[in-house]
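Here is how the chains run, residue by residue.
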Amino acid sequence: MRLLKIMIPCALLLLSGCSAKVATDYNAGVDFSQYQTYQFAEKAESSIVSLDKDRLEETIKRELRFKGLQPSDQQADLTVNPYIREMTDFDSYGTSVGFGVGYRYSSIAYSTPVRFREYTYGKLIVELIDNKTNKVIWRSVSRRQLTENMTPAARESFIQEQVGEMFAQYPPSRR
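What you are looking at is a predicted structure, and each value in this text was computed from that prediction instead of being measured. (Residues numbered from 1 in each chain as written. Predicted model: local features only at pLDDT ≥ 70, side-chain atom pairs only at ≥ 80, totals over all residues. Heavy atoms only, no water.)

The next point concerns the side chain of E63. For E63, the location among the structural elements is in helix α2 (residues 51-66). The residues contacting E63, other than those within four sequence positions of it, are V163, G164 and F167. (Helix = DSSP H or I, 4+ residues; strand = E, 2+ residues; numbered from the N terminus. Contact = heavy atoms within 4.5 Å.)

Note that V163 resides in helix α3 (residues 152-167). Looking at V163, the relative accessible area reads 0%, which means it is buried. Once you skip the residues sitting within four places of it in the chain, V163 turns out to touch L56, T59, I60 and E63. (Buried < 20%, exposed > 50% of the residue type's maximum accessible area, 1.4 Å probe, protein only.)

Here we come to the environment of Y119. Along the chain, Y119 turns up in strand β5 (residues 115-130). The partly exposed category is assigned to Y119, whose relative accessible area is 26%. Along the chain, Y119 and D89 lie 30 residues apart, while their C-alpha atoms are 5.6 Å from each other. If we ignore the near neighbours within four places in the chain, the residues touching Y119 are M87, T88, D89, F90, D91 and Q145.

This brings us to the pattern of salt bridges. Within the structure shown, the criterion is met by eight salt bridges. Here D52 and R55 are joined by a salt bridge, their closest N and O atoms 2.6 Å apart. Taken together, the positions of D52 and R55, both in helix α2 and three residues apart, correspond to about one turn of that helix. Neither residue differs from the other here; D52 and R55 are each classed as buried. Through salt bridges with shared partners, a single ionic network connects D52, R55, R155 and E156. (Salt bridge = Lys/Arg side-chain N within 4 Å of Asp/Glu carboxyl O.)

So, on to α3. For α3, with 16 residues, the first-to-last C-alpha span of 22 Å sits near the 22 Å given by 1.5 Å per residue. Along α3, the residues classified as buried are R155, F158, I159, Q162, V163, M166 and F167. Along the axis of α3, the buried residues cluster in a sector spanning 145 degrees; they form a single face. Contact partners of the buried residues in α3: β1 (22-26), α2, β5, β6 (135-142) and β7 (146-147). (Expected span 1.5 Å × (residues − 1). Arc of directions from axis to C-beta.)

All right, on to a nonpolar patch on the surface then. Nonpolar side chains collect at one region of the surface, where F90, V114 and F116 lie side by side and expose about 340 Å² of accessible area between them. As for its placement among the helices and strands, V114 is situated in the loop between β4 (78-93) and β5. (Patch = residues over 30% accessible without salt bridge, like charges linked within 9 Å, V, L, I, M, F, W, Y side chains within 5 Å. Areas by Shrake-Rupley, 256 points an atom, 1.4 Å probe, with all protein chains shown as cover.)

Attention now goes to the packing of aromatic side chains. Within this structure, the stated rule accounts for seven aromatic pairs. Ring geometry for F32 versus Y35: centroids 6.1 Å apart, planes at 65 degrees, classification edge-to-face. When sorted by exposure, F32 lands in the same class as Y35, which is buried. Between W138 and Y170, the aromatic rings sit 5.5 Å apart at their centres with planes inclined by 80 degrees, giving edge-to-face as the arrangement. (Phe/Tyr/Trp six-rings, centres within 6.5 Å; stacked < 30°, edge-to-face > 60°.)

Next up on the list: unusual backbone geometry. Between Y170 and P171 the backbone carries a cis peptide bond, its omega angle lying at -10 degrees. Residues other than glycine seldom take positive phi values, yet Q75 does so here, at roughly 55 degrees. Note that Q75 resides in the loop between β3 (70-71) and β4. Located in the positive-phi region is N134, a residue other than glycine, with phi close to 60 degrees. By secondary structure assignment, the location of N134 is in the loop between β5 and β6.

Here F167 lies in helix α3. Judged by its relative accessible area of 0%, F167 falls in the buried class.

Have a look at this one:
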């Protein structure tokens, strides 16, 4: 019984570490071996200049080089469209006290009000667009959050890890 009490939390911890850090979708009808060159999407004049976007592009260049794709200034096979979508969410904090119900008896439950705090974070997204059809053929989204309170070194490490996870699934296996 004591061993079971130790094994269950360990198993749950192990399973939580196995959850996917990125979500990837792609067009299953596309032969990805046909793509040899890429270019980055042109930045719109109104787009926000970001240190993170530069980190993201440099990491993508490295990953694509590992996958055998070469950069091209003109007539590239693919356009890479990386961006960081700003998202907001709420975090709850405060104390909460509760009383439960047991076998053949019950009690009253009470809870103090919980406070909420809004925070913003970035979600990394990378799209690959076929330049002949002008359609997205591959897209990957980070499930983790790029937060405002990360140090520059932590941001760099986060971006490298997430982009590495994204391109670990490129090119998609033919099934």
